[in-house]
Amino acid sequence: SHLQLGVGYYDYDHLQGAMPIYQNIQLGNRFDSHNRLINDFNIAELYAQYDVSHFPKPLSFFTSYLNNTAADDENEAFMAGFKYGSSKQAGDWQLGYSYQYTEADAVYALFNDSDFADGYTDARGHSYRFGYGLNRNLSFSLTWLDAVRNMHLGNATDYDRIMLDLSYDF
């Protein structure tokens, strides 16, 4: 078994007061009446992963916590999950699950995961994944993202995405 721990700090300069960059869409961050960000983003992160070695296939548990220290509220994000197996060889498979909860100003939405909740902050939900190895260099995975965006600050909207990925390693 193996434990990994990590810490990080991300300081984005001069975002408070900036206007939306991407197609004038706010993507969940909070803006004032003049369409300018109300907070800056100074994000502290804690991360842990625990790999268990006494199962027939690799098993990992992981979690991450973020806090935007430049915001007074709506400033936390959390993710936790596991993955079991590996899809690196022909016939190998992997299962994975994670839960994610991201408040509106926990992260700068433009740098948020664009697949989960369509890139919006102020979102929560689940990710289910299955991967299968076709040969030593080729694998595919199927991922279902089941999320809710605008969970606190707007009209809560369901968001589902199914992705099929084909990966070639060389």
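Quantities reported herein were computed from a predicted structural model and do not represent experimental measurements.

Participant: Now, about the side chain of Arg149: what can you tell me, with residues and values included?
Facilitator: One can find Arg149 in strand S7 (residues 138-149). Reaching out from Arg149, the side chain makes a polar contact with the side chain of Asp118 at a distance of 3.3 Å. With residues near it in sequence (within four places) discarded, Arg149 still touches Ala117, Asp118, Tyr120, Asp122, Ala123, Asn155, Ala156, Thr157 and Tyr159.

Participant: Give me the environment of Trp144: which residues, what numbers.
Facilitator: Examined against the element boundaries, Trp144 turns out to sit in strand S7. Of the residues examined, Trp144 reaches a relative accessible area of 37% and is grouped as partly exposed. With 109 residues separating them in the primary sequence, Trp144 and Asn35 have C-alpha atoms 33 Å apart. If near-sequence neighbours (up to four positions away) are discounted, Trp144 is found in contact with His126, Ser127, Tyr128, Asp160, Arg161 and Ile162. At a separation of 3.2 Å, a polar atom in the side chain of Trp144 contacts the side chain of Asp160.

Participant: Can you explain the sheet that holds strand S8 (residues 157-168)? Please cite residues and give values.
Facilitator: Strand order in the open sheet made by the eight strands is S1-S2-S3-S4-S5-S6-S7-S8, with antiparallel pairing throughout. Each edge of the open sheet is held by one strand with a lone partner, namely strand S1 (2-12) and S8. Averaged over all adjacent pairs, the angle separating strand axes in this sheet is 10 degrees, with direction ignored. The sheet contact formed by strand S2 (residues 41-52) and strand S3 (residues 59-68) spans 10 bridges and is antiparallel. The residue bridging Gln49 from the neighbouring strand is Phe62, located in S3.

Participant: Explain the layout of surface pockets to me, using residue names and the numbers behind them.
Facilitator: By rolling a water-sized probe across the atoms, one finds the places where empty space is left. Considered as a void within the structure, the largest pocket measures approximately 360 Å³ in volume. Take the lining of the largest pocket: its biggest share by element is six residues, from strand S5 (residues 93-102). Split into classes, the residues belonging to the lining of the largest pocket amount to seven nonpolar, eight polar and four charged.

Participant: Can you tell me about the nonpolar core, naming the residues and giving the values?
Facilitator: Residues Leu15, Phe31, Leu37, Phe41, Ile43, Leu66, Ala77, Ala106, Val107 and Tyr108 constitute the largest nonpolar core, which totals 10 residues. One finds Phe116, Ala123, Tyr159 and Met163 within the second-largest nonpolar core, a separate group that totals seven residues.

Participant: Could you give an account of unusual backbone geometry, with specific residues and numbers?
Facilitator: If you check the backbone angles, Leu27 has positive phi at about 55 degrees while not being a glycine. Along the chain, the position of Leu27 falls in the loop between S1 and S2. Residue Leu27 is classed as buried on the basis of its relative accessible area of 12%. In this model, Asn35 sits at a positive phi of 65 degrees, which is unusual for a non-glycine residue. For Asn35, a relative accessible area of 17% translates into the label buried.

Conventions we followed
- Residues numbered from 1 in each chain as written.
- Predicted model: local features only at pLDDT ≥ 70, side-chain atom pairs only at ≥ 80, totals over all residues.
- Heavy atoms only, no water.
- Helix = DSSP H or I, 4+ residues; strand = E, 2+ residues; numbered from the N terminus.
- Polar contact = N/O pair within 3.5 Å; in protein donor to acceptor, adjacent residues only side chain to side chain.
- Contact = heavy atoms within 4.5 Å.
- Buried < 20%, exposed > 50% of the residue type's maximum accessible area, 1.4 Å probe, protein only.
- Pairing = 2+ DSSP bridges.
- Axes fitted to C-alpha atoms, helices over the stretch in contact; angles between N-to-C directions.
- 1 Å grid on protein atoms, 1.4 Å probe; cavity = no way out; pocket = protein on both sides within 12 Å on 5 of 7 lines; lining within 4 Å.
- Points joined across faces, edges and corners; volume = space filled by probe spheres on them.
- Nonpolar A, V, L, I, M, F, W, Y, C, P; charged D, E, K, R; others polar.
- Core = buried A, V, L, I, M, F, W, Y, C linked by side-chain atoms within 4.5 Å.

Read these as spatial facts, not as claims about activity.
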